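Structural features, examined
Residue-level listing of the chains:
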Amino acid sequence: MQAAIFDMDGVIADTNPYHTIAWREYYQRNGKPLSDADFVKHVSGNHNRAIARHLFEGKELTDAEAYQIGDEKEALFRELYAPHIVPVPGIPAFLQALKAAGIKTAVATSAPVENLDFVMEKLGLRDYFDVLLHEKLVSRPKPDPEIYQKAMSMLGVDPTDSVIFEDSMTGIKAARAAGARVVGVATTHTPEELAEVADLVIRDFEGFGVEELKRS
């Protein structure tokens, strides 16, 4: 195993509750409720363009309009989350261990660069990653494997030598299609749900080290 590649939301930072709050507020401002089931189905792991089109279902949105909606919601998210930002338990120590072991690392997130920079800076994790990829560095969002394929190419590793950490079903589909092993992080879905689609499931990174990863 030569590389570990991480989704960001729900894997590196415990952002999902605040994305839910931000999307619910944004939906409410636009006259549409957002239930827990709708969040999992239409929001979690999906690109902002797809979410915007669900919010304004029946209206033809240009790409520019969809991006603007996403940008407005993400600015709201950062405002709400800034006083509360925390890493997923155990991940700083796990990243330190990966670096010490000479394992290459990348972030491959569908989030905008502003969110990626926000999380990296607030948590002080930027130096632990060799490659940082965000939505505008690929043309096809997850579940397309493009972002993971690009991460592996930039790291110079093969899929068989890579492990991808994901929390959403959309992201796991992308990771699977990229040909890597997949570790499901149970922040968005239950361990039982993830066990059906991932090679290994963890609740968080507490007590999870390089040796456990190599044995997975």
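Preceding this section is the structure that the text describes.
This section reports on the structure supplied with the text. Note that the coordinates shown come from a computational prediction; the quantities given were computed from them, not determined experimentally.

1. Section: the environment of Tyr26
Here Tyr26 is to be found in helix H1 (residues 16-29). Tyr26 gets classed as buried once you look at its relative accessible area, which sits at 7%. Taking C-alpha positions, Tyr26 is 9.3 Å from Leu55, a pair spaced 29 residues apart along the chain. When sequence neighbours within four positions are dropped, the list of residues in contact with Tyr26 reads Leu55, Ile69, Glu72, Lys73 and Leu76.

2. Examining the nonpolar core
By size, the foremost hydrophobic cluster in this structure holds 35 residues, and its most contacted members are Phe6, Ile12, Leu98, Val119, Phe165 and Phe205. Elements with a minimum of two residues in this core: strand E1 (3-6), helix H4 (63-81), helix H5 (91-100), helix H6 (113-123), strand E4 (162-166), strand E5 (181-185) and helix H10 (210-215). At five residues, H6 tops the list of elements feeding residues into this core. Not counting residues within four places of it along the chain, the set of residues in contact with Ile12 comprises Phe6, Asp7, Pro87, Val88, Ile91, Val107, Val119, Met120, Leu123, Leu125 and Phe129. Formed by 23 residues, the second largest nonpolar core is a distinct cluster that contains Val131, Met152, Ile172 and Ala178.

3. Focus: the packing of H4 against H6
At a minimum axis separation of 10 Å, H4 and H6 run at an interaxial angle of 15°. Taken together, H4 and H6 sit at an angle that is classed as roughly parallel. Relative to H6, the crossing made by H4 is right-handed. Here Glu74, Phe77, Arg78 and Tyr81 of H4 lie close against H6, whose contacting residues are Glu114, Asn115 and Phe118. Grouping the amino acids of the contact of H4 with H6 by side-chain chemistry returns three nonpolar, one polar and three charged.

4. Looking at H6
Turning to H6, its buried residues number three or more, namely Asn115, Leu116, Phe118, Val119, Met120 and Leu123. Contacts made by the buried residues of H6 are with H1, H4, strand E2 (104-108) and strand E3 (131-133). One or two steps after H6, the chain reaches Gly124, where phi turns positive at roughly 65°.

5. Brief notes about the pairing of E5
In terms of burial, E5 is largely enclosed, as four of its five residues are buried. For the crossover from E4 across helix H8 (residues 169-178) to E5, the handedness is right-handed. Inspection of the sheet shows E5 paired to strand E6 (residues 200-202) by three bridges, in the parallel sense. Among the inter-strand pairings, Val183 is bridged to a residue of E6, identified as Leu200.

6. Examining empty space enclosed by the protein
According to the stated counting rule, one finds three cavities of 30 Å³ or more in the structure shown. Of the volumes computed, that of the second largest cavity is approximately 50 Å³. Grouping the constituent residues of the lining of the second largest cavity by class yields three nonpolar, two polar and four charged.

7. Structural notes on the side chain of Asp167
Note that Asp167 resides in the loop between E4 and H8. Put simply, Asp167 is tucked away with no salt bridge, and the nearest opposite charge, on Lys142, sits 7.0 Å away. For Asp167, the side chain forms a polar contact with the side chain of Asn16, separated by 3.2 Å. A polar atom in the side chain of Asp167 sits 2.5 Å from the side chain of Thr188. Each residue touching Asp167, except ones within four places of it in the same chain, is listed here: Asp7, Asp9, Gly10, Val11, Asn16, Val185, Thr187, Thr188, His189 and Leu194.

Conventions we followed
Residues numbered from 1 in each chain as written. Predicted model: local features only at pLDDT ≥ 70, side-chain atom pairs only at ≥ 80, totals over all residues. Heavy atoms only, no water. Helix = DSSP H or I, 4+ residues; strand = E, 2+ residues; numbered from the N terminus. Buried < 20%, exposed > 50% of the residue type's maximum accessible area, 1.4 Å probe, protein only. Contact = heavy atoms within 4.5 Å. Core = buried A, V, L, I, M, F, W, Y, C linked by side-chain atoms within 4.5 Å. Axes fitted to C-alpha atoms, helices over the stretch in contact; angles between N-to-C directions. Parallel < 35°, antiparallel > 145°, perpendicular 65-115°, else oblique. Left-handed = near helix turned anticlockwise from the far one by under 90°. Nonpolar A, V, L, I, M, F, W, Y, C, P; charged D, E, K, R; others polar. Right-handed = clockwise from strand over helix to strand, strands pointing away. Pairing = 2+ DSSP bridges. 1 Å grid on protein atoms, 1.4 Å probe; cavity = no way out; pocket = protein on both sides within 12 Å on 5 of 7 lines; lining within 4 Å. Points joined across faces, edges and corners; volume = space filled by probe spheres on them. Lys, Arg positive; Asp, Glu negative; His and termini not counted. Salt bridge = Lys/Arg side-chain N within 4 Å of Asp/Glu carboxyl O. Polar contact = N/O pair within 3.5 Å; in protein donor to acceptor, adjacent residues only side chain to side chain.

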